[in-house]
Amino acid sequence: MDSEPFEVGRVVREAINILSSSRNGVQISEALGTIKRYLGGTENQAPLKDREEFTRVHFSAFLRGLVSNLSPEWIELLTSDQQKELWDSFFLDGPADQAFLVLLDSIISTGPSFRLMKVISILEQFLQTGGMSALMWEVCHQQAQAGLPTLQETLLNKVVCLPDHLCNKLQGNNLPIFFPQNYFPLLATEIIQVLQRISDSLRGGLDCSISFVSQVLGKVCVHGRQKEILNMLVPRLKDLTKVDCIWQRMCWRLVECVPDRWMEAVVCGFVQKAPGADVLSRLLGNLVLKNKKAQFVVTQKLLLLQYSYATAMLQNLLGYLALDSLRRSLLIKVLKELLETWGSSSAVKHSPVEQQLYVSKAILICLSHLKEPEIESNGQELLTSMMGGMKCHLDSNLPRVRRLGMIVAESISARITADGPSLKFQYEDDDETRELKSLLKQTAPQQLPVTDMPNAGSDISSATPKAVSKPSGIPYPVAPAVPEDGSDLELDSDDDLIPHDMSEDKELKKMKAPVYIRDCIEVLTGSEDVDKWEATMKVLESLIRRNSATTREVSMELAKVLLHLEEKTYIEGFVELRQRALVAVTITDPVPVAQYLSSQFYSLNYSLCQRMDILDVLALAAQELSQPQASGKNKPWSAQSPCIQTVPGSDSSQDWRRIVDERIKSKTRHLAKGQSLVEPACGPNKFSSLAGHFFFPLIQNFDSSARLHQKAKSEVPLARRPLVTFDLLGDDHLVLGRLVHTLAILMYFAIHAVAAAAMGKSLLEFVWALRFHTDSYVRQGLLSAVSSILLSVPSERLLEDMTDEFLETQSWLADVAEKDPDGDCRRLAWQNLLLMENLLKKLRSIPS
């Protein structure tokens, strides 16, 4: 057989073996030099096909081998130049996304050691040499070519949370480049570099996605780091979009592609940091017309639900609406809503004076942007609103409120009746009054810069982040207490407000949690009380388990609510709380809930995360139902048996193999003398009678779902093809692997069940149909499924009812054990072959 396709993998494995065993510097340098040929950039580089295979398949594994074998003795065998050329270069010159993940995962999982400090040093070089821009550029290309969403989500979390990971790991020994105040400006500079490459790509006629960069920007802003990243990003974008239409469109697209859940943080950041309405218009374009969330933030939240922003921000925001003819309809709408709020007697009585001042400023700025045709068409409506609001303000007992009413009424009257008599009032003329009147006269929004913007007027080169240096004796730099350049305190953010004295404050009483299941459903579906919602989540599982009769009455409704439940506020362990509640519902009313979850797994409009949650719940419920209850002095069964771990991102195949190994060990006889071990608790396996309800809907719907998707792809024209977001036989192989492992787990816990033989036959057919799958994780699941069949189905039924399938599977396993490129698959195949051999020997030993 031609072994050429496995040549690269063989060379990589040989190199890792040399690194782990050899102490010969020449031999090590030769091994690394051989691998360097596959990375490219050398005179004697490997063929393109081999280089592509190396970077696509073997690169991450090789990097992990480099890190795991790193030691002071090993590294001293190389000279300084050889270390840079044959060790550092793999992380700095190879695929940036893979190198970054390996470096960060190694730091998180490594204790204090020489290896940890070396990896941190490489990560520092990675950031200083443009590694982040290379990473984002690679992901942009992957998105343009329909890359893996799971990998992109992982990269997104790691990139944004890098300072948190390093701070938690290094604590007082953290490096300056990983401080948030240094890292996020650096990230902003890298974003500009990526956008430059995207610009060059577009000018060359090549497609490129900007979505990942938008996600990075959105997640950084929603984590509260708008100031650090936008202080650097906005001035650069301001200069780049001034004369270049491609940069303008790229900037518009950058903000448009931000996910809705992060849109508010991004829009608020841009509105505050833009040095004028014209710049904001260049940066956002017509975002408010294209995105409903952005429109709500701009026209409602920043104007009617907030009042702590500076006047310059209001000028930016309303000037932005006024600068484009398509957006001016929103300006009129905003003015009417502001007048409605300003003229509400309830708002005048109960709102803080500061909020009334904020609304009054917004009204006057809107009036300054109105054109004559707009005044003529809306004049009567504005006059009516003005008369009602003026009466409410004049009836107030507060002189400041009455003065606000007079100033706004005068301004509206002057704008509507420019040629006739207008209202005139007598009031004290102070700084606040003069500021309000000046807002009505300002009609050029581009002349209203935000004075607290650092580097707002600097050129591109001056916006580059300065080299960071570690402060002596201080682990983190302290922010200055006084604004630089004498900026007006009124224009600063909320960070400059004087802190309230809380020394005598008393702790609020904890929210009382619901005591009935139906109340929990009502809170989770309709309540806006965040504290009550959090308290409900924390007691829900215990309520379900204590009130089984009530739970069965509403089990389907509760399962549906929990499956679609999203986190309203941060709760520690929210995912686990939701999962445990779902498991409790499934255990309490297993048949309908398990069938419902199985049907929803194949339905549309579910995320991949939700589908994997369904699989985890079914597996955990099956495990708990199969556990016998402890009695007497026996230890609980759960303390003696393997436990399924469903932590997101974990390698569940490792857990499954541990379960199988323990089952095999339990079937091995040990002859020993001494004190007898305590026997495990005995009791009925509740899952035995329920196994079919968990297993068959999950495996039967797979065939119809896969066939339907394949038919849609083959028969329906591309232009009219429906959007299918779930393709188990295509891109969603991660979910397919989890499905296979879940079926194997259900089969495992169905031992001694009446339906075990039928389940085993169906699962064996399922394995046979997918046995040539290209993904190693899926193949590992298939081999684990074979193990569960051999361990759970009675051997007599296995050989009598499935003789042909048994022999075909045995032949396939022998082929996998010899030829499969994945080592774990080969090990599992050999393990299954041994199990089969033991079954055959057992049957031969039984007298006929």
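Everything numeric in this text was worked out from a predicted model, so none of it was measured.

Further remarks concern the overall build of the protein chain. Within the protein chain, the regular secondary structure consists of 40 helices and zero strands. For the protein chain, the proportion of its 848 residues judged to be buried stands at 50%. Within the protein chain, counting contacts between residues at least 6 apart in sequence, those at least 24 apart form 76% of the total.

Now for the packing of helix H37 (residues 776-792) against helix H39 (residues 803-819). Their axes nearest at 12 Å, the elements H37 and H39 cross at an angle of 135°. When the axis of H37 is compared with that of H39, the two are oblique. Here H37 runs over H39; the crossing is left-handed. Mapping the contact onto sequence places Leu783, Val786 and Leu790 in H37 and Phe806, Thr809, Trp812, Leu813 and Val816 in H39. Considering only residue class, the contact of H37 with H39 consists of seven nonpolar, one polar and no charged.

What follows covers the pattern of salt bridges. Within the structure shown, the criterion is met by 30 salt bridges. Between Arg400 and Glu432 there is a salt bridge; the shortest N-O distance is 2.7 Å. You can see Arg400 sitting in helix H24 (residues 399-416) and its partner Glu432 sitting in helix H25 (residues 431-441), a full 32 residues away along the chain. When the shortest N-O distance is used, the salt bridge between Arg545 and Glu541 registers 3.1 Å. In this pair, Arg545 and Glu541 both sit in helix H27 (residues 530-546), four residues apart, roughly one turn of the helix. If you follow the salt bridges from partner to partner, you end up with Glu541, Arg545, Glu576, Arg580 and Glu624 in one network.

Glancing now at helix H6 (residues 96-109). When the terminal C-alpha atoms of H6 are compared, their 20 Å separation across 14 residues agrees well with the 20 Å that a helix rising 1.5 Å per residue should span. Burial of H6 is extensive: 11 of the 14 residues sit out of reach of the surface. When we look at burial in H6, the residues that qualify are Ala96, Asp97, Gln98, Ala99, Phe100, Leu101, Val102, Leu103, Leu104, Ser106 and Ile107.

Attention shifts here to the environment of Leu440. With respect to the helices, strands and loops of the structure, Leu440 is situated in helix H25. For Leu440, a relative accessible area of 19% puts it in the buried group. For the pair Leu440 and Ile365, spaced 75 residues apart in the sequence, the C-alpha separation amounts to 5.9 Å.

Right, let's talk about the packing of aromatic side chains for a bit. The tally for this structure, following the rule as stated, stands at 10 aromatic pairs. Each ring, one from Phe54 and one from Phe59, has its centre 5.8 Å from the other, and the planes form 80°; the classification is edge-to-face. With respect to burial, Phe54 and Phe59 carry one shared label: buried. Pairwise contacts between aromatic rings join Phe54, Phe59, Phe62 and Phe90 into one cluster. Between Arg327 and the ring centre of Tyr320, over which it is positioned, the NZ or CZ distance is 4.1 Å. In this structure, Arg771 is placed above the aromatic ring of Trp768, and the distance from its NZ or CZ to the ring centre is 3.7 Å.

This brings us to the environment of Ile521. Following the sequence through the fold, Ile521 ends up in helix H26 (residues 517-526). Since its relative accessible area comes to 6%, Ile521 is described here as buried. Spatially, the C-alpha atom of Ile521 lies 6.6 Å from that of Leu558, the residues being 37 residues apart in sequence. The residues contacting Ile521, other than those within four sequence positions of it, are Val554, Glu557, Leu558 and Val561.

Now for unusual backbone geometry. The residue Gln171 is not glycine, and still its phi comes out positive at about 55°. Considering the arrangement of structural elements, one finds Gln171 in the loop between helix H10 (162-170) and helix H11 (180-203). For Gln171, a relative accessible area of 53% corresponds to the exposed category. Even without being glycine, His752 reaches a positive phi, approximately 70°. Its location among the elements puts His752 in the loop between helix H35 (733-749) and helix H36 (756-770). Note on His752: relative accessible area 71%, which makes it exposed.

This part takes up the state of the cysteines. Disulfide: a covalent bond formed between the sulfur atoms of two cysteine residues. Applying the stated rule across the entire model yields zero disulfides. Free cysteine Cys268: the closest other cysteine sulfur is in Cys221, separated by 9.6 Å.

With respect to the helices, strands and loops of the structure, Val816 is situated in helix H39. Separated by 33 residues in sequence, Val816 and Leu783 place their C-alpha atoms 9.6 Å apart. Apart from residues lying up to four places away in sequence, Val816 is in contact with Leu783, Cys825, Arg826 and Ala829.

Here helix H14 (residues 245-256) is 12 residues long and its end C-alpha atoms lie 16 Å apart, about the 16 Å a rise of 1.5 Å per residue gives. All of the buried residues along H14 are Trp247, Gln248, Met250, Cys251, Leu254 and Val255. Taken down its axis, H14 places every buried residue within 165° of arc, on the same side. Of the exposed residues in H14, those oriented more than 90 degrees away from the buried face are Cys245 and Arg249.

Moving on, we come to the packing of H36 against H39. Between H36 and H39, the shortest axis-to-axis distance is 11 Å and the interhelical angle comes to 40°. Taken together, H36 and H39 sit at an angle that is classed as oblique. H39 is crossed by H36, and the crossing has left-handed handedness. Contacts from Lys761, Leu764, Val767 and Trp768 of H36 reach H39 at Glu805, Glu808, Thr809 and Trp812. Each residue belonging to the contact of H36 with H39 can be placed in one class, and the counts come to four nonpolar, one polar and three charged.

Along the chain, the position of Ser214 falls in helix H12 (residues 211-222). Those residues in contact with Ser214, other than ones at most four positions away along the chain, are Arg253, Leu254, Cys257 and Val258.

Below, the discussion takes up the side chain of Ser413. Residue position: Ser413 is located in helix H24. Judged by its relative accessible area of 7%, Ser413 falls in the buried class. Contact partners of Ser413, with chain neighbours within four places excluded, come to Met386, Ser422 and Leu423.

In low-pLDDT regions, the fine details of the predicted coordinates are not to be read closely. Considering every residue of the protein chain, the mean pLDDT works out to 79; 80% of them sit at 70 or more. Below a pLDDT of 50 lies the segment residues 443-495, which in the model reaches 70 contacts outside its immediate sequence neighbourhood of four places, other chains included. A low-confidence stretch, residues 712-725 (pLDDT under 50), is modelled with nine contacts involving residues beyond four sequence positions or located in other chains.

Reading the values: rules and limits
Residues numbered from 1 in each chain as written. Predicted model: local features only at pLDDT ≥ 70, side-chain atom pairs only at ≥ 80, totals over all residues. Heavy atoms only, no water. Helix = DSSP H or I, 4+ residues; strand = E, 2+ residues; numbered from the N terminus. Buried < 20%, exposed > 50% of the residue type's maximum accessible area, 1.4 Å probe, protein only. Contact = heavy atoms within 4.5 Å. Axes fitted to C-alpha atoms, helices over the stretch in contact; angles between N-to-C directions. Parallel < 35°, antiparallel > 145°, perpendicular 65-115°, else oblique. Left-handed = near helix turned anticlockwise from the far one by under 90°. Nonpolar A, V, L, I, M, F, W, Y, C, P; charged D, E, K, R; others polar. Salt bridge = Lys/Arg side-chain N within 4 Å of Asp/Glu carboxyl O. Expected span 1.5 Å × (residues − 1). Phe/Tyr/Trp six-rings, centres within 6.5 Å; stacked < 30°, edge-to-face > 60°. Lys NZ or Arg CZ within 6 Å of the ring centre and 35° of its normal. Disulfide = S-S within 2.5 Å. Arc of directions from axis to C-beta. pLDDT = per-residue confidence, 0-100.

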